[in-house]
Amino acid sequence: RLNGHELEDLKLWVEFLDIARKGISINILTVRTPTRMAWSDSCPFGLGGYSLQGRAWRIKVPLDCPFYGDDTANNVLEFLGMAISVMLLLLEAAEDQEDHPCLLALGDNTSAVAWIFRSGQVSRNSRKYTAVKFIARTIASRALQSGAQLCSQHLAGVTNIVADLLSFEGDCRGTTNPMTLLRLSPR
C-alpha cells in the first residue's frame, strides 16, 4: 500500500532504472569543472537568479499572496529558486546542444542547497514536505532526461548580491536599494 508521494517516488525510481539500464555516461559520474553556473536567491517578496551566460529571471510574490512577507516560506522559495536556475541551465545546454552538461547551482540558503540531494530528509509532517518533494522530483527527472550532472554549492549571502537584488524591489524589506527602483519602460 503506497500513498501518493510514494507512488511519485516510485515513478522517479523507474526512470532512474530505465536510464541505468541504457547505460550512464562516465561524464555524469566523475568530478568535473562545471560547464554552466547559475546563482539564485529569494525572500518572502520574490525570487530571482541569473546564469553565467547572462540570462536572468525574476518572480515577484503578489501582495495578496498568503505567504507575502512570511519568512517561514523562504526555505521553500530558495529551493524553488535553485530549481528554476537549474531549469534555465538545462535550457541553455539544450540550445547549445551540449552533451552531459555539468551544472552548478549556487545559493545562500543551506536548506535549499541540501534539499537538491537530500529532500528525503524533510519530515512528512512538515508543511513544506509536498512542495519540497515535488521540486526535488522535477529537478531529478529533468537532469536525468538531459544527461546532466548537477552540483550545488552554498555561498555567503553577502556575496550573492545580484541574485539578492533580483528577489525584491523597492522598499518591501523596509529599506530601499536604488538598484531595485529602476524600471524599464516598454518600447
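See the structure shown above.
Residues numbered from 1 in each chain as written. Predicted model: local features only at pLDDT ≥ 70, side-chain atom pairs only at ≥ 80, totals over all residues. Heavy atoms only, no water.

Before going further, it helps to examine the pairing of strand β1 (residues 36-43). Here β1 lies mainly inside the structure; 7 of its 8 residues are buried. Examined bridge by bridge, β1 and strand β2 (residues 46-51) share 6 bridges and lie antiparallel to one another. Each bridged residue has a counterpart across the sheet, and for serine 42 the counterpart in β2 is leucine 47. Hairpin geometry of β1 and β2 is characterised by an intervening segment of 2 residues between the two adjacent antiparallel strands. (Buried < 20%, exposed > 50% of the residue type's maximum accessible area, 1.4 Å probe, protein only. Helix = DSSP H or I, 4+ residues; strand = E, 2+ residues; numbered from the N terminus. Pairing = 2+ DSSP bridges.)

It is worth spelling out the packing of helix α3 (residues 74-95) against helix α5 (residues 129-146) at this point. For the pair α3 and α5, interaxial distance at closest approach is 10 Å and the crossing angle is 15 degrees. Looking at the two axes, α3 sits roughly parallel to α5. Judged by the sense of rotation from one axis to the other, the crossing of α3 with α5 is left-handed. Here α3 contributes Val76, Phe79, Leu80, Ala83, Val86, Met87 and Leu90 to the contact with α5, which in turn contributes Ala131, Val132, Ile135, Ala136, Thr138, Ile139, Arg142, Ala143 and Ser146. Across the contact of α3 with α5, the residue classes break down as 13 nonpolar, 2 polar and 1 charged. (Axes fitted to C-alpha atoms, helices over the stretch in contact; angles between N-to-C directions. Parallel < 35°, antiparallel > 145°, perpendicular 65-115°, else oblique. Left-handed = near helix turned anticlockwise from the far one by under 90°. Contact = heavy atoms within 4.5 Å. Nonpolar A, V, L, I, M, F, W, Y, C, P; charged D, E, K, R; others polar.)

Two elements in contact, helix α1 (residues 4-22) and α5, have axes whose closest approach is 11 Å; the angle formed by their N-to-C orientations is 15 degrees. The angle between the axes of α1 and α5 places the two elements in the roughly parallel class. Considering the relative orientation of α1 and α5, their crossing is left-handed. Of the residues in α5, those in contact with His5, Glu8, Asp9, Leu12, Glu15, Phe16 and Ile19 of α1 are Tyr129, Thr130, Lys133, Arg137, Ala140, Ser141, Leu144 and Gln145. Among the residues making up the contact of α1 with α5, the classes are represented as 6 nonpolar, 4 polar and 5 charged.

Mapped onto the fold, threonine 130 is located in helix α5. For the pair threonine 130 and histidine 5, spaced 125 residues apart in the sequence, the C-alpha separation amounts to 7.9 Å. Among the polar contacts made by the side chain of threonine 130, one reaches the side chain of histidine 5 at a distance of 3.4 Å. (Polar contact = N/O pair within 3.5 Å; in protein donor to acceptor, adjacent residues only side chain to side chain.)

With 22 residues, the main nonpolar core has Phe79, Val86, Leu103 and Ile139 as its most contacted residues. Listed by contribution, the elements that provide at least two residues to this core are α3, β4 (102-107), α4 (110-118) and α5. A per-element tally of this core places α3 first, with 7 residues. Not counting residues up to four positions away in its chain, the partners in contact with valine 86 are Leu103, Ala105, Ile139 and Leu150. (Core = buried A, V, L, I, M, F, W, Y, C linked by side-chain atoms within 4.5 Å.)

The subject of this paragraph is the sheet that holds strand β5 (residues 149-154). As summarised here, the arrangement of the 5 strands in space is β3-β2-β1-β4-β5, forming an open sheet in which the pairing is mixed. Of all strands in the sheet, those bounded by a partner on one side alone are β3 (56-60) and β5. Neighbour-to-neighbour, the strand axes of this sheet turn through a mean angle of 15 degrees, independent of strand direction. As paired elements, β4 and β5 share 6 bridges and run parallel to each other. The residue of β5 that forms the bridge with glycine 107 is histidine 154. This element, α3, spans β1, β2, β3, β4 and β5 of the sheet and lies at about 155 degrees to β1.

Any functional reading would require information that these geometric values do not contain.
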